[in-house]
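For reference, the chains in residue letters:
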Amino acid sequence: MNDIGEKIKELRKSRGVSQEQLAFDLNVSRQTITKWEANAVQPNMESITALCKYFGVKYEYFFGEIQAEEEAAAADGVVRAKGKNKPFIVRLSLLIAFSVLFVVFMILTIGSALTVFTVNTGIDYTLTVQLNTTVFICFLVLAVCSLIAASISFIFVIKLKCK
């Protein structure tokens, strides 16, 4: 199968779809499908996109960049996903990053809390307490936000791993 028309015809027949049904589902005429399959007319990119979604294949399938065994798998309805673990790795990285941020902000929150809640004396006592209280609250809010983000990332990692 070297050309797009033959590939469309093979996919259509392997799925047991008539030209009329394919034409209806893609919102084109049956004659258009016939012309595509006869290689009289090449489908435009919008039609290629619709065909990819309809048959569950990648763009490369139509443009000859998939190896012969992958073409057979795509024709049988099995599309092999390269880099299948990529979403898992990304989500796991986010989980680790948010967990580290949580730990950092908790350490900073505890440090600023020790400054706020210790007894200070001196001329600038009021200004120092107000500034330290503001810093403490900011670190506390950031720690809570990073905890929430880490929890959400954990849920997504578990959800993706269970699939």
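Residues numbered from 1 in each chain as written. Predicted model: local features only at pLDDT ≥ 70, side-chain atom pairs only at ≥ 80, totals over all residues. Heavy atoms only, no water.

What follows is about the nonpolar core. Grouped burial of nonpolar side chains is what soluble globular proteins tend to show. Counting 16 residues, the largest nonpolar core has Ile8, Leu22, Leu51, Val57 and Phe62 as its most contacted members. Residue assignment for this core shows that the elements contributing at least two residues are helix H1 (4-15), helix H2 (19-26), helix H3 (30-37), helix H4 (45-55) and helix H5 (59-62). A total of four residues in this core trace back to one element, the largest contributor, which is H4. Setting aside residues up to four positions removed in sequence, Phe62 forms contacts with Ile4, Lys7, Ile8, Leu11, Ile48, Leu51, Cys52 and Val57. (Core = buried A, V, L, I, M, F, W, Y, C linked by side-chain atoms within 4.5 Å. Buried < 20%, exposed > 50% of the residue type's maximum accessible area, 1.4 Å probe, protein only. Helix = DSSP H or I, 4+ residues; strand = E, 2+ residues; numbered from the N terminus. Contact = heavy atoms within 4.5 Å.)

Glancing now at the packing of aromatic side chains. Here a ring pair, both rings aromatic, is described through the centre-centre distance and the interplanar angle of the planes. Scanning all chains against the criterion turns up one aromatic pair. Centroid distance Tyr54 to Phe55: 5.0 Å. Interplanar angle 90°. Geometry classified as edge-to-face. Look at Tyr54 and you get partly exposed, because its relative accessible area is 30%. (Phe/Tyr/Trp six-rings, centres within 6.5 Å; stacked < 30°, edge-to-face > 60°.)

In this model, the protein carries a mean pLDDT of 79, and residues with pLDDT of at least 70 account for 78%. Averaged pLDDT values for the elements of the protein fall to 49 in helix H6 (residues 68-75) and rise to 92 in H3. Segment residues 78-83: pLDDT under 50, and 11 contacts once partners within four positions in sequence are set aside and those in other chains are kept. (pLDDT = per-residue confidence, 0-100.)

Turning next to a nonpolar patch on the surface. Together, Leu92, Ile96, Val100, Val104 and Leu108 give the surface a local cluster of nonpolar side chains, amounting to about 380 Å² of exposed area. One can find Leu108 in helix H7 (residues 86-116). Residue classification places Leu108 among the partly exposed residues on the basis of a relative accessible area of 36%. (Patch = residues over 30% accessible without salt bridge, like charges linked within 9 Å, V, L, I, M, F, W, Y side chains within 5 Å. Areas by Shrake-Rupley, 256 points an atom, 1.4 Å probe, with all protein chains shown as cover. Salt bridge = Lys/Arg side-chain N within 4 Å of Asp/Glu carboxyl O.)

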